[in-house]
Amino acid sequence: MTYFSKALVSAVALTVAMAAPAKADPKAEVLHYWTSGGEAKAVKALQEAFAARGGEWIDAPVAGGGGDAQAAVLRARVLAGDPPAAVQIKGPNIQEWAEAGALADLSDVAEAQNWDAVLPQTIQDIVKYEGNYVAVPVNVHRVDWIWANPEVLAKVGADVPTTWDEFNATADKLLAAGIIPLAHGGQPWQDATVFETVVLGIGGVDFYRKALVDLDMDALGSDTMVAVFDQMRKMRGYVDPDFPGRDWNLATAMVMRGEAAMQIMGDWAKGEFAAAGLEPGKDYVCAPTPSEGGYLLNSDSFAMFNVSGADQVEGQNLLSELILGTEFQETFNLFKGSIPARTDVPRGEFDACAIKSMDDMVAAADGGTLLGSMAHEIAQAGAVRGAFIDVATAHFNSDMSSEEAVEKLVSSIKLAM
Ligand code: BGC
(Lines give C-alpha, C1' and ligand atoms only; values in the text may rest on other atoms or scores of the structure.)
Protein backbone atom coordinates (compact mmCIF):
# COMPACT_ATOMS: atom_id res chain seq x y z
CA MET A 1 0.00 0.00 0.00
CA THR A 2 1.38 3.44 -0.84
CA TYR A 3 1.06 6.40 1.49
CA PHE A 4 0.85 9.09 -1.13
CA SER A 5 -1.25 10.00 -4.08
CA LYS A 6 -0.07 8.87 -7.46
CA ALA A 7 -1.76 11.84 -9.11
CA LEU A 8 0.02 14.29 -6.86
CA VAL A 9 3.40 12.72 -7.47
CA SER A 10 2.78 12.68 -11.24
CA ALA A 11 1.86 16.37 -11.20
CA VAL A 12 5.14 17.15 -9.51
CA ALA A 13 7.01 14.93 -12.00
CA LEU A 14 5.41 16.75 -14.93
CA THR A 15 6.46 20.19 -13.73
CA VAL A 16 9.96 18.83 -13.41
CA ALA A 17 10.09 17.31 -16.87
CA MET A 18 9.13 20.66 -18.37
CA ALA A 19 11.95 22.56 -16.69
CA ALA A 20 14.39 22.13 -19.60
CA PRO A 21 17.81 21.54 -18.06
CA ALA A 22 20.64 23.63 -19.45
CA LYS A 23 24.17 22.74 -18.30
CA ALA A 24 24.43 23.78 -14.66
CA ASP A 25 26.63 23.18 -11.64
CA PRO A 26 25.61 19.96 -9.93
CA LYS A 27 23.71 20.30 -6.69
CA ALA A 28 21.84 17.73 -4.60
CA GLU A 29 19.95 17.62 -1.37
CA VAL A 30 20.64 14.17 0.03
CA LEU A 31 18.23 12.60 2.54
CA HIS A 32 19.78 9.78 4.57
CA TYR A 33 19.92 8.33 8.08
CA TRP A 34 23.63 7.72 8.41
CA THR A 35 24.47 9.57 11.61
CA SER A 36 26.53 7.14 13.76
CA GLY A 37 30.36 7.33 13.77
CA GLY A 38 31.00 4.77 11.00
CA GLU A 39 27.95 5.83 8.99
CA ALA A 40 28.96 9.49 9.08
CA LYS A 41 32.46 8.66 7.83
CA ALA A 42 31.00 6.65 4.96
CA VAL A 43 28.55 9.33 3.87
CA LYS A 44 31.29 11.97 4.14
CA ALA A 45 33.28 9.98 1.58
CA LEU A 46 30.39 10.42 -0.86
CA GLN A 47 30.05 14.09 -0.02
CA GLU A 48 33.77 14.63 -0.67
CA ALA A 49 33.74 12.73 -3.96
CA PHE A 50 30.75 14.85 -5.03
CA ALA A 51 32.45 18.11 -4.00
CA ALA A 52 35.66 17.10 -5.80
CA ARG A 53 33.64 17.04 -9.02
CA GLY A 54 32.15 20.47 -8.32
CA GLY A 55 28.97 19.28 -6.64
CA GLU A 56 27.13 21.27 -3.97
CA TRP A 57 25.85 18.83 -1.35
CA ILE A 58 22.95 19.82 0.87
CA ASP A 59 22.99 17.41 3.75
CA ALA A 60 19.63 16.23 5.10
CA PRO A 61 20.31 13.62 7.79
CA VAL A 62 17.46 12.16 9.87
CA ALA A 63 18.75 10.52 13.04
CA GLY A 64 17.30 7.12 13.88
CA GLY A 65 18.81 3.81 12.83
CA GLY A 66 16.95 1.54 10.47
CA GLY A 67 15.37 4.47 8.62
CA ASP A 68 11.88 4.50 10.16
CA ALA A 69 12.13 8.17 11.14
CA GLN A 70 13.40 9.11 7.70
CA ALA A 71 10.47 7.39 5.96
CA ALA A 72 8.02 9.82 7.58
CA VAL A 73 10.11 12.83 6.53
CA LEU A 74 10.27 11.55 2.94
CA ARG A 75 6.49 11.05 2.68
CA ALA A 76 5.87 14.56 3.99
CA ARG A 77 8.36 16.09 1.54
CA VAL A 78 6.88 14.28 -1.46
CA LEU A 79 3.34 15.19 -0.48
CA ALA A 80 4.40 18.82 -0.14
CA GLY A 81 5.72 18.64 -3.73
CA ASP A 82 9.27 19.23 -2.54
CA PRO A 83 11.17 15.92 -2.61
CA PRO A 84 14.91 15.80 -1.91
CA ALA A 85 17.04 15.04 -5.00
CA ALA A 86 18.58 11.83 -3.65
CA VAL A 87 17.15 9.58 -0.97
CA GLN A 88 18.50 6.52 0.78
CA ILE A 89 15.71 3.97 0.26
CA LYS A 90 15.69 0.26 -0.41
CA GLY A 91 13.85 -2.96 -1.16
CA PRO A 92 10.14 -2.89 -2.02
CA ASN A 93 10.03 0.82 -1.11
CA ILE A 94 11.91 1.48 -4.33
CA GLN A 95 9.21 -0.32 -6.30
CA GLU A 96 6.45 1.58 -4.50
CA TRP A 97 7.95 5.00 -5.17
CA ALA A 98 8.68 4.03 -8.77
CA GLU A 99 5.12 2.84 -9.25
CA ALA A 100 3.90 6.19 -7.94
CA GLY A 101 5.95 7.90 -10.65
CA ALA A 102 8.24 9.63 -8.17
CA LEU A 103 11.60 8.31 -9.35
CA ALA A 104 13.94 9.35 -12.14
CA ASP A 105 14.95 6.71 -14.70
CA LEU A 106 18.69 6.04 -14.40
CA SER A 107 18.99 4.03 -17.63
CA ASP A 108 21.45 6.41 -19.31
CA VAL A 109 24.08 6.28 -16.59
CA ALA A 110 23.40 2.56 -16.06
CA GLU A 111 24.08 1.84 -19.71
CA ALA A 112 27.13 4.09 -19.84
CA GLN A 113 28.63 2.27 -16.82
CA ASN A 114 27.29 -1.15 -17.81
CA TRP A 115 25.61 -1.81 -14.47
CA ASP A 116 24.07 -5.03 -15.81
CA ALA A 117 27.53 -6.55 -16.13
CA VAL A 118 28.80 -5.64 -12.66
CA LEU A 119 25.79 -6.10 -10.37
CA PRO A 120 24.59 -9.48 -9.09
CA GLN A 121 21.09 -10.44 -10.25
CA THR A 122 19.70 -10.21 -6.68
CA ILE A 123 20.71 -6.56 -6.50
CA GLN A 124 19.49 -5.77 -10.01
CA ASP A 125 16.07 -7.15 -9.08
CA ILE A 126 15.90 -4.78 -6.10
CA VAL A 127 16.87 -1.58 -7.91
CA LYS A 128 15.07 -2.07 -11.23
CA TYR A 129 11.45 -1.21 -11.90
CA GLU A 130 9.88 -2.63 -15.03
CA GLY A 131 13.33 -3.45 -16.38
CA ASN A 132 14.86 -0.01 -15.83
CA TYR A 133 17.20 1.13 -13.07
CA VAL A 134 15.49 3.54 -10.68
CA ALA A 135 17.98 3.37 -7.80
CA VAL A 136 21.72 3.03 -7.52
CA PRO A 137 22.96 0.41 -5.06
CA VAL A 138 25.68 1.35 -2.61
CA ASN A 139 26.44 -1.89 -0.84
CA VAL A 140 25.43 -5.22 0.61
CA HIS A 141 25.04 -5.42 4.36
CA ARG A 142 24.75 -8.84 5.94
CA VAL A 143 22.35 -8.82 8.89
CA ASP A 144 22.95 -12.21 10.58
CA TRP A 145 26.15 -11.47 12.47
CA ILE A 146 27.37 -11.81 16.04
CA TRP A 147 29.97 -9.19 17.08
CA ALA A 148 31.87 -10.40 20.12
CA ASN A 149 34.57 -9.26 22.50
CA PRO A 150 36.98 -12.24 22.67
CA GLU A 151 38.50 -11.19 25.99
CA VAL A 152 35.09 -11.09 27.62
CA LEU A 153 34.14 -14.49 26.20
CA ALA A 154 37.47 -15.87 27.45
CA LYS A 155 36.48 -14.93 31.01
CA VAL A 156 34.02 -17.83 30.91
CA GLY A 157 36.24 -20.00 28.70
CA ALA A 158 33.98 -19.55 25.66
CA ASP A 159 34.36 -18.89 21.95
CA VAL A 160 31.72 -17.36 19.71
CA PRO A 161 28.77 -19.77 19.77
CA THR A 162 28.06 -21.81 16.64
CA THR A 163 24.67 -23.23 17.67
CA TRP A 164 21.78 -21.67 19.57
CA ASP A 165 22.24 -24.21 22.37
CA GLU A 166 25.83 -23.06 22.67
CA PHE A 167 24.66 -19.44 22.56
CA ASN A 168 22.37 -20.08 25.51
CA ALA A 169 24.97 -22.06 27.45
CA THR A 170 27.59 -19.31 26.97
CA ALA A 171 25.11 -16.56 27.81
CA ASP A 172 24.10 -18.41 31.01
CA LYS A 173 27.76 -18.67 32.04
CA LEU A 174 28.28 -14.97 31.36
CA LEU A 175 25.21 -14.09 33.42
CA ALA A 176 26.49 -16.22 36.29
CA ALA A 177 29.81 -14.36 36.06
CA GLY A 178 28.00 -11.00 36.29
CA ILE A 179 28.67 -10.08 32.63
CA ILE A 180 26.01 -8.78 30.24
CA PRO A 181 25.78 -11.48 27.53
CA LEU A 182 23.95 -9.45 24.88
CA ALA A 183 24.38 -5.76 24.11
CA HIS A 184 21.05 -4.57 22.76
CA GLY A 185 19.30 -1.29 22.19
CA GLY A 186 15.73 -0.19 22.58
CA GLN A 187 14.22 0.42 19.18
CA PRO A 188 11.66 -1.94 17.66
CA TRP A 189 13.80 -2.52 14.56
CA GLN A 190 16.61 -3.76 16.78
CA ASP A 191 14.27 -6.34 18.35
CA ALA A 192 13.21 -7.33 14.83
CA THR A 193 16.85 -7.71 13.78
CA VAL A 194 17.46 -10.25 16.54
CA PHE A 195 14.08 -11.88 15.84
CA GLU A 196 14.87 -12.58 12.19
CA THR A 197 18.23 -14.15 12.99
CA VAL A 198 16.44 -16.42 15.47
CA VAL A 199 13.79 -17.30 12.86
CA LEU A 200 16.62 -18.27 10.49
CA GLY A 201 18.54 -20.19 13.15
CA ILE A 202 15.75 -22.03 14.93
CA GLY A 203 13.47 -22.51 11.93
CA GLY A 204 16.02 -22.87 9.12
CA VAL A 205 16.22 -21.37 5.66
CA ASP A 206 12.99 -22.85 4.28
CA PHE A 207 11.05 -21.81 7.36
CA TYR A 208 12.40 -18.25 7.14
CA ARG A 209 11.37 -18.10 3.49
CA LYS A 210 7.88 -19.45 4.16
CA ALA A 211 7.20 -17.29 7.21
CA LEU A 212 8.97 -13.99 6.57
CA VAL A 213 9.09 -13.83 2.78
CA ASP A 214 6.06 -15.79 1.51
CA LEU A 215 3.87 -15.02 4.57
CA ASP A 216 2.68 -18.62 4.72
CA MET A 217 0.04 -18.74 7.48
CA ASP A 218 0.87 -22.34 8.47
CA ALA A 219 4.49 -21.39 9.05
CA LEU A 220 3.55 -18.20 10.89
CA GLY A 221 1.22 -20.09 13.20
CA SER A 222 3.44 -23.16 13.68
CA ASP A 223 5.08 -24.77 16.70
CA THR A 224 8.39 -23.74 15.14
CA MET A 225 7.33 -20.10 15.50
CA VAL A 226 6.46 -20.84 19.15
CA ALA A 227 10.03 -22.15 19.56
CA VAL A 228 11.33 -18.92 17.95
CA PHE A 229 9.53 -16.82 20.54
CA ASP A 230 10.78 -19.16 23.31
CA GLN A 231 14.32 -18.32 22.19
CA MET A 232 13.43 -14.60 22.03
CA ARG A 233 12.30 -14.81 25.65
CA LYS A 234 15.71 -16.23 26.55
CA MET A 235 17.38 -13.40 24.58
CA ARG A 236 15.43 -10.88 26.63
CA GLY A 237 16.97 -12.38 29.76
CA TYR A 238 20.48 -11.83 28.33
CA VAL A 239 20.02 -8.08 27.91
CA ASP A 240 20.81 -5.54 30.66
CA PRO A 241 17.95 -3.56 32.27
CA ASP A 242 19.06 -0.23 30.77
CA PHE A 243 18.43 -1.16 27.16
CA PRO A 244 15.20 0.82 26.51
CA GLY A 245 15.86 3.80 24.27
CA ARG A 246 19.49 2.85 23.62
CA ASP A 247 20.78 3.37 20.07
CA TRP A 248 22.33 0.40 18.27
CA ASN A 249 25.77 2.02 18.09
CA LEU A 250 25.82 2.54 21.86
CA ALA A 251 25.18 -1.19 22.20
CA THR A 252 28.16 -1.80 19.88
CA ALA A 253 30.25 0.44 22.15
CA MET A 254 29.37 -1.79 25.12
CA VAL A 255 31.00 -4.72 23.31
CA MET A 256 34.03 -2.58 22.47
CA ARG A 257 34.47 -1.53 26.08
CA GLY A 258 34.02 -5.06 27.36
CA GLU A 259 30.80 -4.20 29.21
CA ALA A 260 28.94 -6.84 27.22
CA ALA A 261 30.10 -9.95 25.41
CA MET A 262 28.15 -9.96 22.14
CA GLN A 263 25.82 -7.98 19.91
CA ILE A 264 23.60 -9.34 17.14
CA MET A 265 23.55 -6.68 14.44
CA GLY A 266 24.18 -6.15 10.75
CA ASP A 267 27.69 -5.29 9.66
CA TRP A 268 27.12 -1.56 9.95
CA ALA A 269 28.29 -2.41 13.50
CA LYS A 270 31.69 -3.15 11.96
CA GLY A 271 31.76 0.46 10.75
CA GLU A 272 31.70 1.47 14.43
CA PHE A 273 34.57 -0.86 15.35
CA ALA A 274 36.54 0.46 12.36
CA ALA A 275 35.82 4.10 13.25
CA ALA A 276 37.23 3.36 16.73
CA GLY A 277 40.41 1.96 15.13
CA LEU A 278 39.73 -1.63 16.24
CA GLU A 279 40.75 -4.71 14.28
CA PRO A 280 38.70 -7.81 13.57
CA GLY A 281 40.20 -11.08 14.77
CA LYS A 282 42.12 -9.17 17.45
CA ASP A 283 39.99 -6.59 19.25
CA TYR A 284 36.67 -8.13 18.22
CA VAL A 285 35.42 -11.14 16.32
CA CYS A 286 32.64 -11.55 13.80
CA ALA A 287 30.73 -14.77 13.15
CA PRO A 288 27.40 -15.45 11.46
CA THR A 289 24.55 -16.12 13.87
CA PRO A 290 24.00 -19.89 13.98
CA SER A 291 22.18 -21.17 10.88
CA GLU A 292 22.68 -23.75 8.18
CA GLY A 293 24.28 -21.62 5.49
CA GLY A 294 21.73 -18.81 5.61
CA TYR A 295 22.61 -15.24 4.64
CA LEU A 296 20.27 -12.36 5.44
CA LEU A 297 20.82 -9.68 2.84
CA ASN A 298 20.24 -5.97 3.18
CA SER A 299 21.33 -3.52 0.50
CA ASP A 300 21.37 0.26 0.71
CA SER A 301 20.71 2.33 -2.35
CA PHE A 302 19.90 5.87 -3.41
CA ALA A 303 16.89 6.71 -5.52
CA MET A 304 16.77 9.99 -7.42
CA PHE A 305 13.42 11.71 -6.95
CA ASN A 306 11.91 13.81 -9.70
CA VAL A 307 13.00 17.35 -8.88
CA SER A 308 13.06 20.62 -10.79
CA GLY A 309 16.15 22.57 -11.78
CA ALA A 310 18.99 21.75 -14.15
CA ASP A 311 21.48 21.93 -11.28
CA GLN A 312 19.64 19.25 -9.31
CA VAL A 313 19.34 16.99 -12.35
CA GLU A 314 23.09 17.41 -12.94
CA GLY A 315 23.61 16.59 -9.28
CA GLN A 316 21.57 13.40 -9.57
CA ASN A 317 23.51 12.28 -12.63
CA LEU A 318 26.82 12.93 -10.93
CA LEU A 319 25.79 11.10 -7.76
CA SER A 320 24.56 8.08 -9.71
CA GLU A 321 27.80 7.91 -11.63
CA LEU A 322 29.96 8.28 -8.50
CA ILE A 323 28.14 5.77 -6.33
CA LEU A 324 28.76 2.80 -8.59
CA GLY A 325 32.35 3.79 -9.42
CA THR A 326 34.80 1.02 -8.44
CA GLU A 327 36.96 3.29 -6.33
CA PHE A 328 34.06 4.84 -4.46
CA GLN A 329 32.51 1.43 -3.78
CA GLU A 330 35.76 0.44 -2.10
CA THR A 331 36.21 3.61 -0.02
CA PHE A 332 32.60 3.83 1.09
CA ASN A 333 32.22 0.19 2.08
CA LEU A 334 35.47 0.11 4.04
CA PHE A 335 33.99 2.82 6.25
CA LYS A 336 30.48 1.41 6.30
CA GLY A 337 31.31 -2.20 7.26
CA SER A 338 29.44 -3.52 4.22
CA ILE A 339 30.71 -5.08 0.99
CA PRO A 340 30.50 -3.47 -2.46
CA ALA A 341 27.33 -3.94 -4.47
CA ARG A 342 29.42 -4.50 -7.59
CA THR A 343 31.28 -7.76 -7.85
CA ASP A 344 34.51 -6.57 -9.48
CA VAL A 345 35.95 -4.37 -6.73
CA PRO A 346 39.43 -5.58 -5.64
CA ARG A 347 39.25 -7.45 -2.31
CA GLY A 348 42.75 -6.52 -1.10
CA GLU A 349 41.75 -3.76 1.34
CA PHE A 350 38.82 -5.63 2.90
CA ASP A 351 39.08 -7.46 6.24
CA ALA A 352 38.28 -11.08 7.03
CA CYS A 353 34.66 -10.35 8.00
CA ALA A 354 34.04 -8.64 4.64
CA ILE A 355 35.74 -11.45 2.71
CA LYS A 356 33.57 -13.97 4.57
CA SER A 357 30.49 -11.97 3.70
CA MET A 358 31.51 -11.88 0.01
CA ASP A 359 32.19 -15.64 -0.12
CA ASP A 360 29.12 -16.58 1.90
CA MET A 361 26.89 -14.42 -0.28
CA VAL A 362 28.04 -16.17 -3.45
CA ALA A 363 27.68 -19.60 -1.79
CA ALA A 364 24.22 -18.71 -0.47
CA ALA A 365 23.10 -17.44 -3.88
CA ASP A 366 24.31 -20.69 -5.48
CA GLY A 367 22.83 -22.87 -2.75
CA GLY A 368 19.45 -21.15 -2.59
CA THR A 369 20.00 -19.92 0.98
CA LEU A 370 20.24 -16.19 0.24
CA LEU A 371 17.32 -14.42 1.92
CA GLY A 372 16.15 -10.83 2.07
CA SER A 373 16.05 -9.21 5.51
CA MET A 374 12.58 -8.48 6.81
CA ALA A 375 13.72 -6.07 9.54
CA HIS A 376 15.78 -4.07 7.02
CA GLU A 377 13.09 -3.74 4.36
CA ILE A 378 14.28 -6.16 1.71
CA ALA A 379 11.81 -9.04 2.15
CA GLN A 380 8.97 -6.82 3.34
CA ALA A 381 8.13 -3.15 3.62
CA GLY A 382 5.24 -1.00 4.78
CA ALA A 383 2.41 -2.48 6.79
CA VAL A 384 3.60 -6.11 6.71
CA ARG A 385 7.07 -5.24 7.98
CA GLY A 386 5.41 -3.00 10.55
CA ALA A 387 3.25 -5.88 11.77
CA PHE A 388 6.25 -8.20 12.20
CA ILE A 389 8.18 -5.53 14.08
CA ASP A 390 5.21 -4.66 16.32
CA VAL A 391 4.70 -8.25 17.41
CA ALA A 392 8.41 -8.96 17.87
CA THR A 393 8.83 -5.85 20.00
CA ALA A 394 5.59 -6.28 21.97
CA HIS A 395 6.66 -9.80 22.92
CA PHE A 396 10.25 -8.77 23.73
CA ASN A 397 9.14 -5.94 25.96
CA SER A 398 6.45 -7.73 27.98
CA ASP A 399 5.81 -11.11 29.54
CA MET A 400 3.62 -12.22 26.62
CA SER A 401 3.70 -15.99 26.13
CA SER A 402 5.13 -17.47 22.94
CA GLU A 403 1.70 -18.91 22.06
CA GLU A 404 0.06 -15.50 22.38
CA ALA A 405 2.82 -13.90 20.27
CA VAL A 406 2.20 -16.46 17.53
CA GLU A 407 -1.55 -15.79 17.57
CA LYS A 408 -0.91 -12.05 17.37
CA LEU A 409 1.56 -12.58 14.54
CA VAL A 410 -0.94 -14.52 12.44
CA SER A 411 -3.74 -12.01 12.97
CA SER A 412 -1.58 -8.91 12.45
CA ILE A 413 0.03 -10.23 9.27
CA LYS A 414 -3.40 -11.20 7.89
CA LEU A 415 -4.64 -7.67 8.53
CA ALA A 416 -1.56 -6.04 7.02
CA MET A 417 -1.46 -8.09 3.79
C1 BGC B 1 20.78 0.32 6.97
C2 BGC B 1 22.22 0.65 7.29
C3 BGC B 1 22.26 1.45 8.57
C4 BGC B 1 21.52 0.71 9.69
C5 BGC B 1 21.48 1.48 11.00
C6 BGC B 1 20.12 -0.36 8.15
O7 BGC B 1 18.76 -0.62 7.87
O8 BGC B 1 20.71 -0.51 5.85
O9 BGC B 1 22.82 1.37 6.26
O10 BGC B 1 23.59 1.68 8.92
O11 BGC B 1 20.17 0.48 9.29
O12 BGC B 1 20.95 2.73 10.82
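Residues numbered from 1 in each chain as written. Predicted model: local features only at pLDDT ≥ 70, side-chain atom pairs only at ≥ 80, totals over all residues. Heavy atoms only, no water.

## A short note on the site of the ligand
Short version of the rule: The near set for a molecule or strand comprises every residue that places at least one heavy atom within 4 Å of it. N or O atoms closer than or at 3.5 Å make up a polar contact, with two conditions inside protein: a donor-capable atom paired with an acceptor-capable one, and, for residues adjacent in sequence, both atoms drawn from side chains. Only the protein chains shown count as cover for residues, with accessible areas throughout obtained via the Shrake-Rupley method and a probe of 1.4 Å. Residue classes follow a fixed rule: Ala, Val, Leu, Ile, Met, Phe, Trp, Tyr, Cys and Pro count as nonpolar, while Asp, Glu, Lys and Arg count as charged, and any other residue, Gly among them, counts as polar.
Near the ligand lie 13 residues; those nearest to it are Glu-39, Lys-90, Asp-300, Lys-336 and His-376. With respect to the ligand, the side chain of Lys-90 contributes an N or O atom lying 2.7 Å from an oxygen atom. Protein burial of the ligand: of its 310 Å² of free accessible surface, 100% is covered by the chains. Looking at the shell around the ligand residue by residue, the class counts come to four nonpolar, five polar and four charged.

## Observations regarding the packing of aromatic side chains
To keep it simple, the criterion reads: Whether two aromatic rings pair depends on their centres lying within 6.5 Å, for rings of Phe, Tyr and Trp, where Trp uses its six-membered ring; planes under 30 degrees apart make the pair stacked, over 60 edge-to-face, and the rest tilted. The secondary structure listing takes helices from DSSP runs of H or I that are at least 4 residues long and strands from runs of E that are at least 2 residues long, numbered from the N terminus. Note on classification: 1.4 Å probe, protein chains only; a residue is buried when its accessible area is under 20% of the maximum for its type, exposed when over 50%, partly exposed between these limits. By definition here, charges over rings are those cases where NZ of Lys or CZ of Arg is within 6 Å of the ring centre and within 35 degrees of the ring normal.
Evaluated as defined, the whole model comprises 14 aromatic pairs. The interplanar angle of 55° and the centroid separation of 6.2 Å between the aromatic rings of Phe-167 and Tyr-238 together place this pair among those described as tilted. Pair noted here: Phe-167 is in helix H9 (residues 164-176) and Tyr-238 is in the loop between helix H13 (223-237) and helix H14 (248-256), with a separation of 71 residues, a long-range link. Relative to Phe-332, the ring of Phe-328 has its centre 5.4 Å away and its plane inclined at 45°; by these criteria the two rings are tilted. Of the two residues, Phe-328 and Phe-332 are both situated in helix H17 (residues 326-336); the distance of four residues between them amounts to about one turn of the helix. Relative accessible area serves as the criterion here: at 8%, Phe-328 is assigned to the buried category. Aromatic rings pair up to connect Trp-34, Phe-302, Phe-328 and Phe-332 into one cluster. Over the ring of Trp-145 we find Arg-142; its NZ or CZ atom is 5.2 Å from the centre of that ring. Across from the ring centre of Phe-396, 6.0 Å away, lies the NZ or CZ of Arg-236, which sits over that ring.

Nothing here speaks to function; it is geometry throughout.
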